[in-house]
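As a plain string of letters, each chain reads:
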Amino acid sequence: MAEIQSYTMNFGPQHPAAHGVLRLVLEMEGEVIQKADPHVGLLHRGTEKLAESKPYNQSIGYMDRLDYVSMMCNEHGYVMAIEKLLGVTVPIRAQYIRVMFDEITRILNHLLWLGGHGLDIGAMTMFLYCFREREDLMDCYEAVSGTRMHATYYRPGGVYRDLPDTMPKYQYSKFRSNKDVDRLNSIREGSLLDFIEAFTDKFPGCVDEYETLLTDNRIWKQRTVNIAVVSPERALQLGFTGPMLRGSGVEWDLRKKQPYEVYDQLDFDIPVGSNGDCYDRYLVRIEEMRQSNRIVRQCVEWLRENSGPVMFDDYKVAAPSRVDMKGDMESLIHHFKLFTEGYCVPEGEAYAAIEHPKGEFGVYIVSDGANKPYRLKIRAPGFAHISAMSEMVEGHMLADVVAVIGTQDIVFGEVDR
Amino acid sequence: MSDRNETLAAQIDERFGERMTRVPSICGELGYEVDKDDLIEIATTLRNDGDFGFEMLVDVCGVDYLSYGSDEWTTSSATGTGFSRGVEREPVILDEADEFDPRRFAVVYHLLSVQHNFRLRLRTFTGTSNPPIVKSVVDIWNGANWFEREVFDLFGILFDGHPDLRRILTDYGFIGHPFRKDFPLTGNVEVSYDADKGRVAYKPVSIEPRTLVPRVIRDDNRYSADLKDVTDG
């Protein structure tokens, strides 16, 4: 029998478990990985360079397409950096709306992560369960912005519009029975807030269902416990943030430590892991979904009781209302200037960071006083995480690579930018 | 937050004195400029000293200051010509000199102290050398590895002491450094399938660059220093 020697294996870029376009060059000794060399950049679109050639507001749409499973959080980081430079204070109602949608986005992201991660390492059913709930949250996106994914809802100075009083409804068609359509529409009779509230009522039960399937599942634990252990020191050294850092036991969450918007007025807890393995990171994310649900609930209650503007009222930055434009000359001029030239941002530089579902999402803007950013740098959490891929998979089996890609919650839209 | 920043700034002034120059910020952030020869020593102290404890490098970012402050359409006086959207812009003169402007390329480091909850920005200019080069901070913060590869790929800034300085985001065999300001937005080459050769082939790019909205810098009195509190270093 021939002697087994080390060899190189190519994983991806087209592989269902690569979560997009990741090419991994693995140096193997039998089935044990000696070294992994991830080749990224297959989805590099030059978002930062494109943004440098466009007025500030025209790049918000690009942000959705970075991490395309947590769209509004990306927008949030970007508009916060612009607001910091402009010195704009966002109306309180808009802050609550942003926080609510950030947390809806976090649930969206974690549901996709859970579904994908489960599918990768043998829990097929999870995918179907998770997408069932994701569908409802996508409907919230649709109700508020008109699109299910790429919302472009956050604007410097607030949000594009106030929450709608009605939910979009299903129409009778030959593709669904009328009974099904009625059932789907029955929870869509009220306003968006009613719909979200109904969701927060049922969602903890859904998380319980996921946990029944996975948390004590023998196969799940065999695939995740003690896989890719990262010590807290290494996690900091490698620039890990978000659940990857908290899974290693470092209590660090920007929502608590450097609160932005209204997070300091909301009641929620930060889960941390203890072993820093895939299983702990799974537990952290599961608990984060429950906490996000709590935050969404509190925002819904606040938003029901308080009304007010959702946009900063300086027409030099925010567009005047359509109605004003029809009769008011000055509004028309403002509108024209904003949509042909945009607004100039004072010279300076700002770094705004938010607690994105995947970690710290930072936007660094250098402005020279023009209507376009001079330099835009997006600090994507996934980029730091995947750079530690080699260290995390060393000494593990080939099958564990998939578990590590899953646990890092990699999305190539943001890694490659 | 800004009070705590001032405390940190006082500590930094006391420790490093003239070697770190405060960069004024319009939004209360703490940023310093350091000489590239001092970078490693300062970074090591910032990471290891208990007073600072910047144990995490959040980001490394390259900046090309070639066209900083230049606009495409004069707005300070009346012009007889409008800005035509289809007009090709004046080509940027390629800087093929042996030496760069000393303030052309900068590397910006964003540091985070988890124990003290501080953020700090360090900026270092690469000097006149072509290719630009700075010392790598990979040994201080291991997470810098890929961030420095990215800066190398996009800006062509070399990092002395980096263990594995390869391109990361651009294609295999890519020529040029796309985020430099003298690199066109549309790129230099495009790929298509060549039926005769039976493979994908490169050819010069066929699309014209178009500027839809001119880059303008307007004097805005609202942001002038007299009317706004500017935190000075």
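All values reported here derive from a predicted model rather than from experimental measurement.

Conventions and cut-offs
Residues numbered from 1 in each chain as written. Chains lettered and ligands numbered in written order. Predicted model: local features only at pLDDT ≥ 70, side-chain atom pairs only at ≥ 80, totals over all residues. Heavy atoms only, no water. Helix = DSSP H or I, 4+ residues; strand = E, 2+ residues; numbered from the N terminus. Buried < 20%, exposed > 50% of the residue type's maximum accessible area, 1.4 Å probe, protein only. Contact = heavy atoms within 4.5 Å. Areas by Shrake-Rupley, 256 points an atom, 1.4 Å probe, with all protein chains shown as cover. Rg over C-alpha atoms; globule rule 2.2 N^0.38 Å. Lys, Arg positive; Asp, Glu negative; His and termini not counted. Charge placed at Lys NZ, Arg CZ, Asp CG, Glu CD. Buried area = accessible area lost by both parts, 1.4 Å probe. Salt bridge = Lys/Arg side-chain N within 4 Å of Asp/Glu carboxyl O. Polar contact = N/O pair within 3.5 Å; in protein donor to acceptor, adjacent residues only side chain to side chain. Axes fitted to C-alpha atoms, helices over the stretch in contact; angles between N-to-C directions. Parallel < 35°, antiparallel > 145°, perpendicular 65-115°, else oblique. Left-handed = near helix turned anticlockwise from the far one by under 90°. Pairing = 2+ DSSP bridges. pLDDT = per-residue confidence, 0-100. Phe/Tyr/Trp six-rings, centres within 6.5 Å; stacked < 30°, edge-to-face > 60°. Lys NZ or Arg CZ within 6 Å of the ring centre and 35° of its normal.

Draft legend 1. Representation of the overall build of chain B. Looking only at helices and strands, one finds three helices and nine strands in chain B. If you list the helices and strands of chain B from N to C, you get α-β-β-α-β-β-β-β-α-β-β-β. The burial tally for chain B puts 42% of its 233 residues in the buried class. Contacts in chain B between residues at least 24 apart in sequence constitute 60% of all its contacts with a sequence separation of at least 6. Summed over all atoms, the accessible surface of chain B reaches about 12,200 Å², with 49% contributed by carbon and sulfur.

Draft legend 2. Highlighting the overall build of chain A. Helices and strands together make up the secondary structure of chain A, namely 18 helices and eight strands. Scaling as 2.2 N^0.38, a compact globule of 417 residues should have a C-alpha radius of gyration of about 22 Å, and chain A matches this with 23 Å. Burial analysis of chain A (417 residues in total) assigns 62% to the buried set. If you take every contact in chain A between residues at least 6 apart in sequence, the share linking residues at least 24 apart comes to 69%. Of the accessible surface of chain A, which amounts to about 15,500 Å², a share of 52% is contributed by carbon and sulfur atoms. Looking at chain A, you have 46 positive and 61 negative side-chain charges, and the mean spots of the two groups are 4 Å apart.

Draft legend 3. Region of interest: the interface of chain A and chain B. Every contact between the two is made by 66 residues of chain A and, on the other side, 62 residues of chain B. For the pairing of chain A and chain B, the buried interface totals around 5,300 Å² over both sides, and the portion due to carbon and sulfur atoms is 55%. Of all residues in chain A, Lys49(A), Gln237(A) and Tyr374(A) bury the most surface against chain B, accounting for 15% of the area lost on that side. Inspection of the region where chain A meets chain B yields 11 salt bridges. Taken together, the links from chain A to chain B amount to 35 residue pairs in polar contact (both at pLDDT 80 or more). The element that contributes the greatest number of residues to the side of chain A that touches chain B is strand S6 (residues 348-356) of chain A, accounting for five residues.

Draft legend 4. Region of the structure containing the side chain of Asn74(A). Residue and element names in this part refer to chain A. Within the fold, asparagine 74 resides in helix H3 (residues 71-86). The exposure class assigned to asparagine 74 is buried, which follows from its relative accessible area of 0%. Looking at asparagine 74, its side chain comes within polar contact range of the side chain of histidine 356, at 2.8 Å.

Draft legend 5. The arrangement of the packing of helix H4 (residues 92-120) of chain A against helix H12 (residues 278-305) of chain A in detail. Residues and elements named next belong to chain A. Taken N-terminus to C-terminus, the directions of H4 and H12 make an angle of 150 degrees; their axes are 9 Å apart at the nearest point. With respect to H12, the element H4 is oriented roughly antiparallel. For the crossing formed where H4 meets H12, the hand is left-handed.

Draft legend 6. Region of interest: the sheet that holds strand S5 (residues 118-125) of chain B. Residue and element names in this part refer to chain B. If you trace the five strands from one edge of the open sheet to the other, you get S1-S2-S5-S4-S3, paired in mixed fashion. Strands at the two margins of the open sheet, each flanked by one partner only, are strand S1 (20-23) and strand S3 (56-64). Geometrically, the sheet is characterised by an average inter-axis angle of 25 degrees between neighbouring strands, direction not taken into account. Where S1 lies against strand S2 (residues 31-34), four bridges are found, and the strand directions are antiparallel. The partner of arginine 22 across the bridge, within S2, is tyrosine 32. Along the sheet, helix H2 (residues 39-48) makes contact with S1, S2, strand S4 (105-113) and S5, crossing S5 at roughly 175 degrees.

Draft legend 7. The sheet that holds strand S2 (residues 23-29) of chain A, seen in detail. All names here are of chain A. Sheet architecture is open: three strands sit in the order S1-S2-S3, paired in antiparallel fashion. The strands lining the two open edges of the sheet, one partner per strand, are strand S1 (6-11) and strand S3 (32-39). On average, each strand axis in the sheet is inclined to that of its neighbour by 20 degrees, with strand direction left out of account. Of the strand pairs in this sheet, S2 and S3 are connected by seven bridges, and their pairing is antiparallel.

Draft legend 8. The arrangement of the pattern of salt bridges in detail. Tallying each qualifying case throughout the model produces 59 salt bridges over all chains. The closest approach of N and O atoms between Arg234(A) and Glu391(A), which form a salt bridge, is 2.8 Å. On the criterion of sequence distance, the pair formed by Arg234(A) in helix H9 (residues 232-237) and Glu391(A) in helix H16 (residues 389-393) is long-range, its members being 157 residues apart. Here Arg104(B) makes a salt bridge to Asp182(B), at a shortest N to O gap of 3.5 Å. In this pair, Arg104(B) sits in the loop between S3 and S4 while Asp182(B) sits in the loop between strand S7 (158-160) and strand S8 (189-194), placing the two residues 78 residues apart along the sequence.

Draft legend 9. Inspection of the confidence of the model for chain B at higher detail. The pLDDT averaged across chain B works out to 82; a share of 83% of its residues lies at or above 70. Reported confidences for the modelled complex are a pTM of 0.89 and an ipTM of 0.87.

Draft legend 10. Here's a closer look at the pairing of strand S8 (residues 375-379) of chain A. Residue and element names in this part refer to chain A. Most of S8 sits out of view: five of its five residues are buried. Burial along S8 is two-sided: the residues Arg375, Lys377 and Arg379 and Leu376 and Ile378 are all buried. Judged from the five bridges that link them, strand S7 (residues 359-367) and S8 form a sheet pairing that is antiparallel. Looking at the pairing, valine 366 lines up with arginine 375 of S8.

Draft legend 11. Layout of the packing of aromatic side chains. Here the structure, examined in full by the defined rule, presents 23 aromatic pairs over all chains. Here the aromatic rings of Tyr263(A) and Phe268(A) are separated by 5.9 Å at their centres, their planes lie at 65 degrees, and the arrangement is edge-to-face. For the pair Tyr263(A) and Phe268(A), one class covers both residues: buried. Arranged with centres 5.4 Å apart and planes meeting at 50 degrees, the rings of Phe383(A) and Phe147(B) form a pair that is tilted. A residue pair is termed interchain when its members come from two chains, as with Phe383(A) in helix H15 (residues 381-387) and Phe147(B) in helix H3 (residues 144-155). Phe383(A) gets classed as buried once you look at its relative accessible area, which sits at 0%. Linked through ring pairs, Phe101(A), Tyr141(A), Tyr153(A) and Tyr154(A) together constitute an aromatic cluster. It is Lys181(B) that lies over the ring of Tyr374(A); its NZ or CZ is 4.1 Å from the centre.

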